[in-house]
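Single-letter residue listing:
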Amino acid sequence: MRLSWRLLMLCTRSLLGVFEEDAAAISNYINQLFQAMHRIYDAQNELSAATHLTSKLLKEYEKQRFPLGGDDEVMTSTLQQFAKLCSCHAVLSTQLADAMMFPITQFKERDLKEILTLKEVFQIASNDHDAAITRYSRLSKRRENEKIKAEVTEDVYTSRKKQHQTMMHYFCALNTLQYKKKIAMLEPLLGYMQAQISFFKMGSENLTEQLEEFLTNIGTSVQKEMECEVENMQQTIEDLEVASDPLYLPDPDATKFPVHRNLTRKAGYLNARNKTGLVSSSWERQFYFTQGGNLMSQARGDVAGGLVMDIDNCSVMAVDCEDRRYCFQITSFDGKKSSILQAESKKDYEEWICTINNISKQIYLSENPEEMAARVNQSALEAVTPSPSFQQRHESMRPTVQPRPLAARTSSTGSLGSESAALSALSLDSLVAPDTPIQFDIISPVSEDLPGQAKSAGQSGRRTNPFGESGGSKSETEDSILHQLFIVRFLGSMEVKSDESPDVVYETMRQILAARAIHNIFRMTESHLLVTCDCLKLIDPQTQVTRLRFPLPNVVLYATHQENKRLFGFVLRTSGGRVESRETSVCYIFESNNEGEKICDSVGLAKQIAFHAELDRKASEKQKEIDRVKEKQQKELNKQKQIEKDLEEQSRLIAASSRANQSSGEGQFVVLSSSQSEDSDLGEDGKKKRESEA
C-alpha cells in the first residue's frame, strides 16, 4: 500500500486512521518477532557459552593428569578437532548478533519510534492549525484591523504550512514503513540463514554458493526497489510543496483559483453554529461532505460520517450571523430544520452554495451530473438583452393558451382579464420594459408601501396572526373564509409592460434568475405568504409583522414555471410608477417548497370566492335599493290616504257647521263671524296648521 500524489490531496481522516492502525499492527508484530528472535539469540548465546566451555575442557584434556591413564596422542588430537568444531557456535552467535538482532533492533528503536514521534508532531501541528483557523474565523467584517488581520493571516499561513510539511513527513514515514517492514522481517531472517549456512558450510559448498547467490540477489533487488520508491516519494513531496504553497493562505486569490459552479459533490471543513442557550451560541469545526442528496459530517476520530440533513429540494442562502464572514444557511424541504455554516474562504463559500443548489435540483441523479449542472447554469447566465423574437426563444416552452370565462381557475395560471392568443407574436419589448431595474429584496417593514397601495389607519407595524385570531382587536382578514399559509422566498420584482399572458411571468423569471446568477446574488428573504379572499400578505415568520400587502383585485395574473414547479409569480396592477397618473404592472417572483401550483390554485380559489362574494354583495345592495323604493312608495301612498281622509273629515265638519248656522240665528252668526275673522287673520299659514292639527 502507498499514498500516491492524488491520494495525498484527497486523504481523509478515516484513511489516515487505516494507515495508523496498520502501523500499530506492524509495531505489535515486530515486537513479538523481536522477542522470538531474541530467544533464539539467547539460546544461541547459551549454546555458544556451553560449547565454548566444552571446547575449553576438550583443549585442557592434555593437561589433565589421570592417576590410571597416560598420555594418549590420538585421543588428544581427536578432542582438539572437536574443540575446533565447538568453536563454530561462537562464530554463529556473533553472526546472529550482527545479521539478525541488529537489523530488527534498529527497525524497532529507530523507525517505529520515529512514526510515534511524527504522529505526536503532526497532532500538535494540527491543533495549532485549528487554533489559527478559529482565530481567523472570528475576524470581524465590520471592524477590520489590518494589523490584527495580517498577524492572524500570517499565523494561519505558518501553521498551515507547518501542518502540511509535518503531514508530508508523517505520510512519507507511513509509506516508507510499508517497505521497511519487508526489510525488517527479511533482513534478520536472511542474516539467520546466512549464519546457519556459514555454520553448516562444511560439506555443502555447492549448495551454499547457490543459496548465497539467491539470498544476495533478493536483498539487492529489494534494496534497489526501496531506494527508487524513496526517490519518487521525495520528488512528489517537493512538487506538492511547490504547488501547495498558495493554498496555505486562508483566503486565496480568486483569480488564481476560480470558483467551480458545476459541482454536485463537495467536501471540506466548515464551522457549524450550535445554539447553547436562548441568545448564546458556539461554533464547532467539522469535516462536511455531500453524499447523493444528503449532507454528511464527520468528527475527528470517527471512521464514518453521520447524516446532517436531507438537501433534496432544500433552500440555501447567504446570511449575516454574529459578525462572521462567509456564512450561509441551509433549510430543509419542509422548513422544520435549518443549519448555519461558515466557510473558510470566499471560494469555498460560493462553491458550497452552488453545490447545494445543484443537489437541491436533483441534478446528481442524471447520467452526467456536471454536464447537466453546466447546462443549467449556462441557461441561467444567458444575456438579458432582448432577442429579435420572443416566439423563437420560447416556442418550445410556451403552453397552449385556452380561453376561459372571467375569474375561472386553472392549476398553474390565472388572470382576471381575458387572455389573447395573439400574444405569442409579441416581442420582448412589449412584455418587459427595457433597462427596468430589478428589486432583489423586500422593503421592510410596512412603513413603505407599494405605489398606489393605500394603508389603513393603525396598520403600520401591527403584528398579524395568519389564522385570524387577533385577541382583542379584530383583524381585517378575520371575516375571510379562506386562510392558507405558504412558506416562500422572494427572488425579485420588476415592472412589466403587459399583464395579459403568462409569458410575462416566464420572461420575468428568466431575467431575475439570470441577473442573480450574473451578479452572484444568493440571498433570499423567507416569508409566509397568507392567501385570503381580500388580499395576499407577506408576513415575517419571526415577528409576524406584515411586510407587504397585495389587494386581491389588483392581482391580475399568476403562473408557475413550466419546468421548475417551485417557481411562481404574479402581476400586480397599481396606480403610479415611473410615469405618474397611469396604471403600472409589477411582476413579483417567488420560490416555494414544491408548492407553486398549489399557491396558484389557492389564489384562483380566493379570486373565485371574492368574485362570487362581490356578486352576492351587488345583488344584496340591489335588493336593498328595491326595498327602499317600495318603502318610500308605501309611505307616499299612506300620506295621500291620510290627506284624503283629512279632507273628508273637514268637509263633514263644514257641512255640519252650515246646518247649525241656519237653525241658531244671530248668535250663531257671531260665532261664525269670529271664526271667519280668525281664519282671515291666520291666513294661509293658519289654515295649513289647522289642517295638520286636524
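- Identification of the protein chain as DCC-interacting protein 13-alpha from Mycteria americana is taken from an unreviewed UniProt entry.

### As for the overall build of the protein chain
Inference 1: In terms of regular secondary structure, the protein chain is built from twelve helices and 15 strands.
Inference 2: Carbon and sulfur atoms form 53% of the exposed surface of the protein chain, whose accessible area is close to 40,100 Å².

### Points about unusual backbone geometry
Inference 1: Positive phi, normally seen in glycine, also occurs at asparagine 313, with a value near 60°.
Inference 2: Inspection of the secondary structure puts asparagine 313 in the loop between strand S4 (306–310) and strand S5 (315–318).
Inference 3: In this model, glutamine 544 sits at a positive phi of 60°, which is unusual for a non-glycine residue.
Inference 4: Tracing the backbone through its elements, the reader meets glutamine 544 in the loop between strand S11 (535–539) and strand S12 (546–551).

### Re the confidence of the model for the protein chain
Inference 1: Of the residues in the protein chain, 73% have a pLDDT of 70 or more, and the chain-wide mean is 75.
Inference 2: Low pLDDT (under 50) marks residues 444–477, which in the prediction has 58 contacts with non-local residues, meaning those over four places away or in another chain.
Inference 3: Predicted confidence for residues 666–683 stays below pLDDT 50, and this span has five contacts to residues more than four positions away or in other chains.

### Structural notes on helix H10 (residues 503–518)
Inference 1: A rise of 1.5 Å per residue sets the reference length of H10, with its 16 residues, at 22 Å; its end C-alpha atoms lie 22 Å apart and thus fit the reference within 8%.
Inference 2: Counting buried residues in H10 gives 13 out of 16 residues, a clear majority hidden from the surface.
Inference 3: Just downstream of H10 lies asparagine 520, where phi reads positive at about 55°.

### Digging into the nonpolar core
Inference 1: Membership of the largest hydrophobic core comes to 32 residues, with the highest contact counts inside it found for Ile30, Phe107, Ile115, Tyr170, Phe171, Leu174 and Leu177.
Inference 2: Only helix H2 (13–59), helix H4 (88–137), helix H5 (146–199) and helix H6 (205–244) provide two or more residues apiece to this core.
Inference 3: The element that contributes the greatest number of residues to this core is H5, accounting for eleven residues.
Inference 4: Residues in contact with tyrosine 170, not counting those within four places in the same chain, are Leu16, Glu20, Ile115, Leu118, Lys119 and Phe122.

### Re empty space enclosed by the protein
Empty space among the atoms can be located by rolling a probe the size of a water molecule over them.
Inference 1: Per the stated rule, a full pass over the model turns up four cavities of 30 Å³ or more.
Inference 2: Within this model, the second largest cavity holds a volume of roughly 50 Å³.
Inference 3: The wall of the second largest cavity is formed by Tyr136, Ser137, Arg325, Tyr326, Gln342, Ala343 and Glu344.
Inference 4: Among the residues forming the lining of the second largest cavity, the class breakdown is three nonpolar, two polar and two charged.

### Details of the pairing of strand S14 (residues 567–575)
Inference 1: Taken across its nine residues, S14 has seven buried, putting it largely inside the fold.
Inference 2: Here five bridges tie strand S13 (residues 555–560) to S14, and the two strands are oriented antiparallel to one another. Considered in S14, the bridge of valine 555 is made with leucine 572.
Inference 3: If you look at the hairpin formed by S13 and S14, you'll find six residues sitting between the two strands.
Inference 4: As paired strands, S14 and strand S15 (residues 583–592) are joined by nine bridges and run antiparallel to one another. Within the sheet, the bridge partner assigned to serine 575 lies in S15 and is glutamate 583.

### A look at the pattern of salt bridges
Inference 1: Under the defined criterion, the tally for this structure stands at 27 salt bridges.
Inference 2: The residue arginine 573 makes a salt bridge to aspartate 499 at a minimum N-O spacing of 2.8 Å. Placement of arginine 573 in strand S14 and of aspartate 499 in the loop between strand S9 (484–496) and H10 is noted, with a sequence separation of 74 residues between them.
Inference 3: On the basis of relative accessibility, which here comes to 11%, the residue aspartate 499 falls in the buried class.
Inference 4: Across the pair glutamate 621 and arginine 617 runs a salt bridge, and its minimum N-O distance is 2.5 Å. One end of the pair, glutamate 621, and the other, arginine 617, are both in helix H11 (residues 596–664), four residues apart, so they sit about a helical turn from each other.
Inference 5: Classification of arginine 617 as partly exposed rests on a relative accessible area of 37%.

### Some details on the sheet that holds strand S7 (residues 338–342)
Inference 1: The strand order across the open sheet formed by seven strands is S4-S3-S2-S1-S7-S6-S5, and the pairing between neighbours is antiparallel. The open sheet has two edge strands, S4 and S5, and neither has a second partner. Adjacent strand axes in the sheet meet at a mean angle of 40° when their direction is disregarded.
Inference 2: Sheet analysis places strand S6 (residues 327–331) next to S7, joined by five bridges and oriented antiparallel. Residue cysteine 327 lies in a different strand from S7, and its bridge partner there is glutamine 342.

Thresholds, definitions, all that
- Residues numbered from 1 in each chain as written.
- Predicted model: local features only at pLDDT ≥ 70, side-chain atom pairs only at ≥ 80, totals over all residues.
- Heavy atoms only, no water.
- Helix = DSSP H or I, 4+ residues; strand = E, 2+ residues; numbered from the N terminus.
- Areas by Shrake-Rupley, 256 points an atom, 1.4 Å probe, with all protein chains shown as cover.
- pLDDT = per-residue confidence, 0-100.
- Contact = heavy atoms within 4.5 Å.
- Expected span 1.5 Å × (residues − 1).
- Buried < 20%, exposed > 50% of the residue type's maximum accessible area, 1.4 Å probe, protein only.
- Core = buried A, V, L, I, M, F, W, Y, C linked by side-chain atoms within 4.5 Å.
- 1 Å grid on protein atoms, 1.4 Å probe; cavity = no way out; pocket = protein on both sides within 12 Å on 5 of 7 lines; lining within 4 Å.
- Points joined across faces, edges and corners; volume = space filled by probe spheres on them.
- Nonpolar A, V, L, I, M, F, W, Y, C, P; charged D, E, K, R; others polar.
- Pairing = 2+ DSSP bridges.
- Salt bridge = Lys/Arg side-chain N within 4 Å of Asp/Glu carboxyl O.
- Axes fitted to C-alpha atoms, helices over the stretch in contact; angles between N-to-C directions.

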